[in-house]
Each structure stands twice: as C-alpha cells, then as structure tokens.
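Survey of secondary and tertiary structure
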Amino acid sequence: MKFKALIGTSVLAMTLATPAFAQDAPDETERDAFGGEIVVTAQRQSERLQDVPIAVSAFSSEALEAQQIKTPSDLQLTLPNVTFTKTNFTGASFTIRGIGDLCVGTTCDSATAIHLNGDPLFQTRLFETEFYDLERIEVLRGPQGTLFGRNATSGVVNVITAKPKLGVFEAAAEGEYGNFDSIKGKAMVNIPLGDTAGIRVAGIYLNRDGYTKNSFLGTRIDDRDLYSVRGSFRWEPTDDTTIDIMGSYFREKDQRTRIQKQLCQRDPTGILGCLNTRLDNSPFNANSTFTAALTSKEFLATQGIPAIFALGSLYGPDIYGNTSIPDDPRTVNTAYTPSYFTSELTIQGQIEHNFGPVSLQVSGQYQKVKLDASQDYNSNVGDRSLYASGLNFLQLGADGALDGLIPGISDYLAPVAAAIIPDGPAGQLCTSLAEESGFGSFGGNSICSNQSLQFDRSNQYNSSWSVESILTSDFDGPFNFLLGGIYADYHLTENSYYVNAFPIDYLTGVLGAFNSYANGLPPSFLGTPFFRNNTSDLKIKSYGIFGESYFEVNDKLKLTVGLRYNNDKKAVVARSTLASFLVPFGQTGTAFDSPFVVTFDADPGTPGNQIEQRRSVKFNEWTGRAVVDYKITDDNLLYASYSRGYKSGGINPPLQPIFEVPESFQPEQVDAFEIGSKNSFGNGALQLNLTAFYYKYKKLQLSKIVARTAVNDNVDADIYGFEVEGMVRPDPDWVINLGFSYLHTKVTEDKFTSNPRDFGGGRSDAVIIKDITNAANCAVAPGTAGNAAGSNAFVNFVNNAINGGIDVNQDGDATDSGDIKAGAGLQGTTTFPADGGIASTGAFSICGVLQSFAAAAGNNFDPNGIQVFSAGIPVNLKGNQLPQAPNYKFSAGVQYTAHMGEMTLVPRLDIAYTGESYGSIFNGNVNKIKGYAQVNAQLQLNGPDDKWFVKGFIQNVFDANSVTGQYITDQSSGNYTNIFTLEPRRYGIGAGVRF
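As the structure is a prediction and not an experimental result, all values here were calculated from the model.

1. Considerations on the overall build of the protein
Looking only at helices and strands, the protein features 9 helices and 53 strands. Projected onto its principal axes, the C-alpha coordinates of the protein cover approximately 95 × 60 × 50 Å. Out of the 995 residues in the protein, the part that is buried amounts to 62%. Considering only contacts in the protein between residues 6 or more positions apart, those separated by 24 or more positions represent 70%. If you average the places of the 75 positive and of the 103 negative side-chain charges in the protein, the two averages end up 2 Å apart.

Rendered as structure tokens:
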C-alpha cells in the first residue's frame, strides 16, 4: 500500500466541532459536507481527515461563513482550549492550551506560529482584516517544528488562500449592511489563461461607525475603515510542475482604539493609584504618576525650586479626583481622538515538481509592515484648574516679574512659556507630539487644546523574507520521509512606544530651565519631553533543518519520528529616554545632538556613557517528535505522541529610570505528551474525537511592566487537559456539533518576583514607597519579621531628614547642585483602605535616600536591620495558574437545511462558553477574568445551484461585554488595568451572487 503521510500545511484535517465544507476544486474528492470523507489533494501529500494523528481543526470558507467566523477573534468561540485577545501594544495573543504570547517586546517570538500558505509570517497584521476568499484555515494544537518551517511551542495557525482554478471562469460578489452603519463588500474573479494557467483576484472593503461613544466630545470612536486586495497566479506547464505566485496588500486608517477600557479600584492615598481587590469603573489617583510627582511642590522643594511653580501637592487633590468613569464599557470620556494606521504588503512564490517517487517544493515570501497607532493614555479628562497657580507663576517668570527675586530667570522661563502656554495661562495648553527629533513642543512640534492632553503612540516598521525547501517521498513500501530547511531574515527599522502629556512638557521645561540656570548653562529643557522607548534596529536571522521519517509496520500500525535543529541570532539597538539630559533651546538636528547628551547613559551595564544600548544573543536547540498510531478499523484511530517545542529567547529593553533586570531572557522549552482517538460511527452519523495531553514546560516567558517598560522573565509550569469534539447527524438535513475542553495550568517552581499591584508582597510589616523623584515604587521591610513599628519609624525618620535637607555630596554644604534641599514637607506613613487588599502601610519618599539610610541607621529601628526592596518585595508564584488559560470551554451548534424546491433555507444557531481565567500570573480576584457566553444566529436562503443567497445574521445576540484579556500598567502611570473585549452585538443583512 502506498503511504500518504501527513505533511504540515498540505493536510486539511477536520475538527468535529467545526465542520468543514468541501470545495469545488477539481483536484479534490468531494463527499458529504458534514461527516463524510473529504480528501484534499493540496500542494504536498494528503490523508483522509480522520486518519490524522494530531489535534487539528480546519475551517473551509463555507464553514467560516456558516458559523460567522469573520475574524481571528471569532475562532476562539469554537476551538477547544484556544483563546484570542488583543494585547497592550497593538499586538495580539493566540493562546493554545495555555501557551500564548505572554512575552512582550520587539525581540519576542510568537508562541503560536502564524503561516500564510505554509510560509511563516513575522509581526503580521493578517488578523487585522476580516477573512475573505480563503480555501481554509488550519489550527494545529501542540508544539510544531518537524513539519513547519517556523518553530512553535503552542501550535500553528495556517491561513490558506484560494488558488486560481485552471480552465474555469468564475466570479462572485457579496454585500452586507448592518448596525453601526456597517457596509462590507467582498468580490472575487477567476480568469483562465488557456488550459494551463489562471489568475484570481479578490478583495474586501469594510467601513463602519465606531462601537464606542466619546461622551466628552460627542463623537464615536473605534470605527473601522479598511480594504485588502489579493492577486494570485497559477501555472502548470507540465502535469508534474505547479508554480504559484501571490501578492496581497492590506490597509487600514481609522479611529480604532487598541484597548477598550481602563478599570481601577481607586487608591485615595495616591501611593499606588489603584488598589488590589477588584476592578471598578473609577479613576485612578493621578498623584501616583510621574507627572504629578515631578511637578509637585514636595519634589520641587527638594531641588531648590520655588514651590510657586508646582502644579499641585502629592497630598492634595488630583486632577481626576472629581471625575467619573462611565459604567458602560463602550462609553469613554476623552479629549483626544485616537488614530490607527496599518498596512501590509506580502509577496509569495512557490514551485513544486514531482520527480516520481519524490517531490520537491521551494517557496519564498517577502513581507513589509507599517503600523502607527495613538490614543488617550488615561482615558479621562482631568481638571486643569488645579494647574492655574503654577501656570500663572510660569507666565510671571517668563514676563520678568520674578527677576527681582531670581535675577535673569525670565531668559530661561520665557521659551518654556512660549512653547507650552503661547496664549497665556488661561489659554490653550500645548503638548509635545510623539516625534523622532526629541524636541517636542520646544521645537514647535505640539498639539494644543483647552484640556491637559495625555496620549501614547505605538509605531513600527519592519520587513522580512524567508525561503523554504521541502523534499518528500511517496515510495511503495513501508518507508517514507520528509526533509526540509528554512532560512528567515527579519529586519525592524523602527519601533517606538511614546507617552506624551502636558505635565511632562511643563516639568521638562521648568526643571530644565532651573537646572541650566543654576549651572550657568544656556537656557535649556530636559530631553526628551515625553517618554520614548525606542528600538531603532533589530535584526533576526533564523534557520532550521527539519525532517520526519514514516514507517508502516502493517496496514494498521504506523510509526513517525521527526527531528529539528533550530538556530536563532538576534541583534538590537535600543534606548529609553524621558527628561534625561539638557537640550539648549534652538538646538538643530535632534535632541541627541545636544552638547549635554554626554550625561545620558543608555547602557549602564557597559563602561562609559552609551548613546544607545547594543545587545546580541544566539540560541540553538534540537527538538523533535515521535508518534505511534493504530487503526482499529478504517473509522477508528488511536494515537500517542511525544514532541518537544522550542521558542527562542530575547533581549530586555533599556529602562528609564534604571532598575536591575536581566539583560536577556531564556528560550522556552516544552515536552508535550498526547494521546488521542478519532472515531466515526454509523457511516458518519456520529463522530467522536478525544484528546488528552500533558505538558512539562521549562522557562515559560512572562512579561511585566517595570519603569514604564515591558521586561520579560522565565518560569517553569505544568499543563494538562483534555478535549472532546463530537458531531451528530441524525439525518442528512440536521447537523449538531459539540465541543468541550478542560485545562489545568500551574507554576511548578519556586519563582519569586514582585507583584506590581502590591509592592509590599502582602506583608503587614512593610511600607510601600512612592518615590517622588520618578514615581516608581519600592518597599521597606524590617529584618525581623513582624516589626511593623520599626519599618514605619524608619520611613518617618528618613522623611523628616529629607524635609530638613540632605548633603548628598557630604561636603558640608547642603545647597550644592544635586543636594536635597530643605522644605519638602513629606508626611509620615499611612494605611490603605481596609478593602484595598494591601496589608502594608505606605508613604511618599525617596527610595535612594532610604537605601542610603538603611545601611547606616537600619539597626536603630530593627536589630536585624532595615531592608529596602527597589523592585518590591517578591512573592512566590508557585502553584499559580497561567494567564489566559480558562479551565473550561464549551461550544455547540445546530444547523438545519430545509428544501424548498430547488432552493434551501438554512437556519443555524451557535453558542460558546469560555470559563474563568486570569489576566496576570499573580492571580487573585483583581486579576480574574469572568467567564462569558457568546451566541450567534443566522438564517440563509440559497438559490438553485447556490448561484445566489440572501441572509440575515446576528452576532453576540445578548450583547455581552466579554473581556478576553487584561494588562496592568506601570506604577508611575497609576497602576490601572487595560481590558480588551469582544465586539458588541452586530446584526444585519447580506446578499451574494456567484457566476
């Protein structure tokens, strides 16, 4: 018997919970649309669907339409143990069996490999658009690498576009109108070029109003305006040779938001911003932020700057204190209108030639991606009246009214006032644009508003190419093989994350003015007048050699053994800046041309001052898999497999301010064990597939925010679960499909790390500190456990010392530059609200000073000394569940085909439930994501021979505001939580024709 192996992307395997419809291509054998045998002869080799010894799901284009799977987010509603969510920095996480993209950063690889026509994609925006003109989508669960060119630890999503059909003219068009004034159109034309060649052109256009109401401006945001086009060419010069070329372009430009809402249990102390018990529709306390700290009278006093220039007090009201957050997840208050732009160009080519017993396939692709998105950083409108006093004195100082007290200060303050309050303190406030020069408002690059704006910007430009070659055999006899190799090259030329706010412009202007004045330097500001974490160059070069061998012991028993070698090299150039060095007004070029940039060090780990951080890493690893499958009958298959997955490590970005974090993070490795059974009974009337798995995970990559930047670490974990997929077809017109999955995840090692929501680590004897010099948090704890009195007395002692001024240089003169001046007015420790989930007390102070005093005076307060934890008191993660890993998932669908002469009427109803999960590795109620249900319904009338159709549809019938993911921000930003949701209820009508 001639062996037909499962070869990666060549196989369309059917998940029973998501039935796949047969296509009309001439090289396919069509059977019953549900439950029958469908053998797809694609570009490599093929196998009967129920003979595939792997957990794999597939959707044809018809199945996608029938189940209203229009976007990648919709895929999770029917796939077992699969979740999908947008993430904080314009990305997304496709999580399979608890393994997703928990790593955040430019050097992170994706745990789920995304492929287009079998070729791997880097940083793709493929999932931004809706699906159109596809042959199928395959989702493979479990580590992959011996079949696919790009290695993956969680699985593979392979999107396969429709190819030209030779010798046939076809065309199709459909339109759709729905609520939110949504207009969508899709079209396709297939043109034969003789008998051996053909072209196919397809496209989609979508335009709709925003889902979210901005009540402050009376507008709607979160709209969509996009299009995508694709052209394909196929040529078969001989019966043994096929050449495919494809080009596609996608573009979106609208006012879509990256996040849906910001939630917070407000901290009245301002030390944390948000508390640790629950997520409320409440504003965070803005006194916890970098901008509030460095414009406060407490901080200015320590620098010897008159308190009259302060925008407020850390112990006074904050700008969001009297605001409210709408309860409706799709209503926000913002004075800043978001913007979203992305485009992607993809070119692919593939040639396959059959040499008889072996065939060779060579493919390659080029990809270019642009992304630029901006939105309100705090999703709220603050009370600018609190700034009135400070702005008035800035204007007085600029006009010379203070020169009698501070001779010549007007020369230093005048350019600041001209840049940020050009119409005076009661006029518009100007905020720096997020731009590359680093000058912002002080170089004329600003946006002005009656409100105090705050917004962020995320942009990226990258290109990549890859080439892959695969040799496969199809011998008579028991032995066959696959041998492949791939080389991929990825180049990122720009990736920046900016945070801009009017108070940042104010503090960089005022602090820069007094700093340059005190040192006799020309009038200057502090650059950059916004936070910017920038990767200016990233090169990734990767290659892999992989193969599998197949041995049929007999007609029932088959053995598969695969092996892969991975090699990855990464080199990155990056830096992070925020008020980092003086820049003279009138500077040309960029801020980094400043003569004072020599005081800036982007890489403290390297001797000397570095203008950029340069890092490189290399990784290599052997992986593989082994499978035994046994066919009890032609319709009943048992299999067991072992596979090892691998994902390369990466490089952590530079921090501002500097904290001790690892420069790099390690590769992931997972040992995956799986057993399964695929069964068909009653000639397809019942199908039942069962899968159980156990993963031993080493060095799982996790991300958290430190100093406004995502850094990554590693942790070990165990994962196990099972999946049940079934389909019942009592007669040819009824189809009922069911799916259920269970998942258990647990951190297995003693891993100690600090919880960003609770820097006290749950200890009642600790004091959480908000550093007034950078708004980062640290923690103070006694050496003797339980000595809360000692740690509180120590903090109060140091605060009193700060209030009196500190001779940092220890030269007997506490008025030198860099010394802490008297008059800060810091108060003692305070308790947090009883329902806040914070056992520690808290205080405003200076972490560096606390550390210095702890070494000298710690024993005066505790016999075992006082400890200062710069990154918080670590807690043990052992036993915690992994994020984005719901324990249970359930889906069900029912479809009936009513025959009306030559026409058919097809109603369908789908329901899916996703159980509870956590948005953070720290678990706890505050990080819990509630389970949610989604219900879709559709009614479609098909004309004779399916030449036309009309339909009515409704998605998310009960308008559930389902949360799919969370992300906690940095302490210096307020510790609030961003949430990401599924789309609201959508309904409409559609019609289409086919020629």
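2. Digging into the sheet that holds strand β6 (residues 112–116)
Within a sheet, neighbouring strands are paired by backbone hydrogen bonds and run either parallel or antiparallel to one another. Overall, mixed pairing links the 5 strands, which are arranged β3-β8-β9-β6-β7 in an open sheet. Either end of the sheet is taken by a strand with one partner, and the two such strands are β3 (56–60) and β7 (119–120). Across 2 bridges, β6 lies against β7 in antiparallel orientation. Looking at β7, one finds that L116 is bridged to D119.

3. Examining the nonpolar core
Among the nonpolar cores identified, the biggest contains 89 residues, and F309, L394, I420, I769, V780 and I802 are the most heavily contacted of them. Sort the elements by how many residues they give to this core and helix α7 (residues 502–518) lands first, with 8 residues. Once you skip the residues sitting within four places of it in the chain, I769 turns out to touch I271, A776, N777, C778, V780, V795, A843, S845, C847 and L850.

4. So, the side chain of S437
Along the chain, the position of S437 falls in the loop between β21 (429–432) and β22 (446–449). Judged by relative accessible area, S437 falls into the buried class, the value being 16%. One polar contact links S437 to E435, side chain to side chain, over a distance of 2.5 Å. When residues no more than four places from it in sequence are discounted, the contact partners of S437 are N445, G589, T590 and A591.

5. Concerning the state of the cysteines
In total, this model carries 3 disulfides according to the counting rule given. Two residues, C264 and C274, share a disulfide whose sulfurs are 2.0 Å apart. Around the S-S axis, the bridge from C264 to C274 shows a dihedral of about -120° and counts as left-handed. Of the two residues, C264 is situated in the loop between β17 (261–263) and α3 (290–294) and C274 in the loop between β17 and α3; the sequence distance between them amounts to 10 residues. Residue class for C264 comes out buried when judged on its relative accessible area of 2%.

6. Topic: a negative patch on the surface
Together, E62, E902, D945 and D946 give the surface a local cluster of negative charge. Looking at the element boundaries, D945 is found in the loop between β49 (932–942) and β50 (948–955). Judged by relative accessible area, D945 falls into the exposed class, the value being 69%.

7. A word on the packing of helix α5 (residues 388–398) against α7
Across the interface, α5 lies against α7 with an axial gap of 13 Å and an inter-helix angle of 40°. Between α5 and α7, the angle is such that the two are oblique. Crossing angle aside, the handedness with which α5 passes α7 is left-handed. Of the residues in α7, those in contact with G390, L391 and L394 of α5 are F502, Y506 and V510. Here the residues of the contact of α5 with α7 sort into 5 nonpolar, 1 polar and no charged.

8. Remarks on the sheet that holds strand β18 (residues 331–332)
Read from one edge to the other, the open sheet built from 3 strands follows the order β14-β13-β18, with strand pairing classed as mixed. Of all the strands in the sheet, just β14 (219–221) and β18 have a single pairing partner and so form its edges. With 3 bridges joining them, strand β13 (residues 212–214) and β14 adopt antiparallel strand pairing. Among the inter-strand pairings, K213 is bridged to a residue of β14, identified as R220.

9. A look at the confidence of the model for the protein
Averaged over every residue, the pLDDT of the protein is 89; residues scoring 70 or more account for 93%. Per-residue pLDDT stays below 50 along residues 1–44; that stretch engages in 163 contacts with residues further than four places along the chain or on separate chains.

10. Some details on a nonpolar patch on the surface
Together, F681, L686, L688, L690, V728, I736, L738, F890, I911 and Y913 give the surface a local cluster of nonpolar side chains, amounting to about 750 Å² of exposed area. When residues of the nonpolar patch are assigned to their parent elements, the largest contribution, 3 residues, is made by strand β34 (residues 686–706). Its location among the elements puts I911 in strand β46 (residues 903–914). On the basis of relative accessible area, I911 is assigned to the partly exposed category, the value being 38%.

11. Describing the pairing of strand β10 (residues 170–178)
Along any regular strand, the residues point their side chains to alternate faces of the sheet. Two elements, β10 and strand β11 (residues 182–193), share 9 bridges in a ladder whose sense is antiparallel. By the bridge assignment, A173 is partnered in β11 with A187. Counted along the chain from β10 to the antiparallel partner β11, the turn is 3 residues long, and its residue F180 has a positive phi close to 60°. When β10 meets strand β53 (residues 986–994), the two strands line up antiparallel, connected through 7 bridges. Bridge pairing in β53 places G178 opposite G988.

12. Some remarks on helix α8 (residues 788–804)
With 17 residues, α8 extends 25 Å from end C-alpha to end C-alpha; this agrees with the ideal 24 Å at 1.5 Å per step. The set of residues buried in α8 consists of G790, S791, N792, F794, V795, V798, N799, I802 and N803. Of the surrounding secondary structure, the elements contacted by the buried residues of α8 are α4 (297–302), β38 (767–771), β39 (777–782), β41 (841–845), α9 (847–857) and β42 (866–869). Count one or two residues on from α8 and you reach G805, which has phi positive near 95°.

13. Things to note about the pattern of salt bridges
As enumerated under the stated definition, the model contains 40 salt bridges in all. Ionic pairing is found between K541 and D489, a salt bridge with its closest N-O pair at 2.6 Å. Residue K541 is located in strand β26 (residues 531–552), and its partner D489 is located in strand β24 (residues 479–501); the two are separated by 52 residues in the primary sequence. Overall, D489 belongs to the buried group, its relative accessible area being 12%. Counted as one network, the salt bridges with shared partners bring together K70, E130, E176, K184 and R986.

14. Here's the deal with the environment of T784
In this fold, T784 is placed in the loop between β39 and α8. With residues near it in sequence (within four places) discarded, T784 still touches D765, D862, P863 and N864.

15. So, unusual backbone geometry
For the peptide bond that leads from G527 to T528, omega is -5°, which places it in the cis range. Position of T528 among the secondary structure elements: in the loop between β25 (524–527) and β26. In the Ramachandran plot, S379 falls in the positive-phi region, its phi being about 50° despite a non-glycine side chain. Relative to the elements of secondary structure, S379 occurs in the loop between β20 (358–376) and α5. One non-glycine residue, K699, lies in positive phi territory at about 65°. Checked against the element boundaries, K699 lands in strand β34.

16. Side note on the pairing of strand β23 (residues 454–473)
Where burial is concerned, most of β23 is hidden: 14 out of the 20 residues are buried. Sheet topology note: the β20/β23 ladder contains 19 bridges and is antiparallel. When the sheet's bridge partners are listed, Q365 is paired in β23 with S466. Inspection of the sheet shows β23 paired to β24 by 19 bridges, in the antiparallel sense. When the sheet's bridge partners are listed, Q460 is paired in β24 with N495. The loop that links β23 with its antiparallel partner β24 comprises 5 residues; one of these, G477, has a positive phi angle of about 115°.

Here is what the cut-offs are and how they apply
- Residues numbered from 1 in each chain as written.
- Predicted model: local features only at pLDDT ≥ 70, side-chain atom pairs only at ≥ 80, totals over all residues.
- Heavy atoms only, no water.
- Helix = DSSP H or I, 4+ residues; strand = E, 2+ residues; numbered from the N terminus.
- Buried < 20%, exposed > 50% of the residue type's maximum accessible area, 1.4 Å probe, protein only.
- Contact = heavy atoms within 4.5 Å.
- Lys, Arg positive; Asp, Glu negative; His and termini not counted.
- Charge placed at Lys NZ, Arg CZ, Asp CG, Glu CD.
- Pairing = 2+ DSSP bridges.
- Core = buried A, V, L, I, M, F, W, Y, C linked by side-chain atoms within 4.5 Å.
- Polar contact = N/O pair within 3.5 Å; in protein donor to acceptor, adjacent residues only side chain to side chain.
- Disulfide = S-S within 2.5 Å.
- Patch = residues over 30% accessible without salt bridge, like charges linked within 9 Å, V, L, I, M, F, W, Y side chains within 5 Å.
- Areas by Shrake-Rupley, 256 points an atom, 1.4 Å probe, with all protein chains shown as cover.
- Salt bridge = Lys/Arg side-chain N within 4 Å of Asp/Glu carboxyl O.
- Axes fitted to C-alpha atoms, helices over the stretch in contact; angles between N-to-C directions.
- Parallel < 35°, antiparallel > 145°, perpendicular 65-115°, else oblique.
- Left-handed = near helix turned anticlockwise from the far one by under 90°.
- Nonpolar A, V, L, I, M, F, W, Y, C, P; charged D, E, K, R; others polar.
- pLDDT = per-residue confidence, 0-100.
- Expected span 1.5 Å × (residues − 1).

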